[in-house]
Amino acid sequence: MSETIEVTESGEDILKNASFNRFGLISAILLIVGCLGGITVGMGAVNDLFALSLVVITTMTTLSLLLAIAPMKYIFTAGIIAVSVDLILLAYYLLF
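Below or above, wherever it landed, is the structure these notes cover. Remember, it's a predicted structure, so these values are computed and weren't measured experimentally.

1. As for helix H3 (residues 49-67)
Between its first and last C-alpha, H3 extends 26 Å over 19 residues, near the 27 Å set by a 1.5 Å rise per residue. Within the span of H3, buried status applies to Ala51, Val55, Thr58, Thr59, Thr62 and Leu66. Projected onto a plane normal to the axis of H3, the buried residues spread over an arc of 90° and lie on a single side. Turned more than 90 degrees away from the buried face of H3, the exposed residues are Leu49, Phe50, Ile57 and Leu67. Summarising the contacts, the buried residues of H3 are in contact with helix H2 (22-43) and helix H4 (72-95). Taken from the residues just after H3, Ile69 is the one with a positive phi, measuring 55°.

2. Structural notes on the side chain of Thr62
Summarising the element assignment, Thr62 is placed in helix H3. Of the residues examined, Thr62 reaches a relative accessible area of 0% and is grouped as buried. Of note is the side chain of Thr62, whose polar atom sits 3.0 Å from the backbone oxygen of Thr58. With sequence-adjacent residues up to four places away left out, Thr62 is seen in contact with Ile29, Val33, Ile75, Ala78, Gly79 and Ala82.

3. Let's talk about the nonpolar core
Nonpolar side chains tend toward joint burial in soluble globular proteins. Formed by Ala18, Ile26, Ile29, Val33, Leu66, Ala70, Met72, Ile75, Phe76 and Ala82, the largest nonpolar core amounts to 10 residues. At four residues, H4 tops the list of elements feeding residues into this core. One finds Ala45, Ala51, Val85 and Tyr93 within the second-largest nonpolar core, a separate group that totals six residues.

4. What about the packing of H2 against H4?
Contact pair H2 / H4: the axes reach a minimum separation of 9 Å and the direction vectors enclose 25°. On the basis of their axis angle, the class for H2 and H4 is roughly parallel. As H2 runs across H4, the sense of the crossing is left-handed. Contacts from Arg22, Leu25, Ile29, Ile32, Val33, Leu36, Gly37, Ile39, Thr40 and Met43 in H2 reach Met72, Ile75, Phe76, Gly79, Ala82, Val83, Asp86, Leu87, Leu89, Leu90, Tyr93 and Leu94 in H4. Residues belonging to the contact of H2 with H4 are distributed by class as follows: 17 nonpolar, three polar and two charged.

Procedures and definitions
- Residues numbered from 1 in each chain as written.
- Predicted model: local features only at pLDDT ≥ 70, side-chain atom pairs only at ≥ 80, totals over all residues.
- Heavy atoms only, no water.
- Helix = DSSP H or I, 4+ residues; strand = E, 2+ residues; numbered from the N terminus.
- Expected span 1.5 Å × (residues − 1).
- Buried < 20%, exposed > 50% of the residue type's maximum accessible area, 1.4 Å probe, protein only.
- Arc of directions from axis to C-beta.
- Contact = heavy atoms within 4.5 Å.
- Polar contact = N/O pair within 3.5 Å; in protein donor to acceptor, adjacent residues only side chain to side chain.
- Core = buried A, V, L, I, M, F, W, Y, C linked by side-chain atoms within 4.5 Å.
- Axes fitted to C-alpha atoms, helices over the stretch in contact; angles between N-to-C directions.
- Parallel < 35°, antiparallel > 145°, perpendicular 65-115°, else oblique.
- Left-handed = near helix turned anticlockwise from the far one by under 90°.
- Nonpolar A, V, L, I, M, F, W, Y, C, P; charged D, E, K, R; others polar.

In structure tokens:
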């Protein structure tokens, strides 16, 4: 008989192992933040200076922290802020 072992990680486990999985997480964060920022700018943030500034500042902060090899805690925080700003503005531009 063969047994299957389920491996599940909680949010705390991911944060604890973030330094070990740094390069995989960096590639995912880079892809998500960069593409979502570009889509948000393309959907209408390019026409509004305030919205464009929000998207560019949060996206570039995240990408700068990735490039500077900052602690993963800071990268996660900046990435969450960038994604939330992008999603809010994207929802606004899709609805109006």
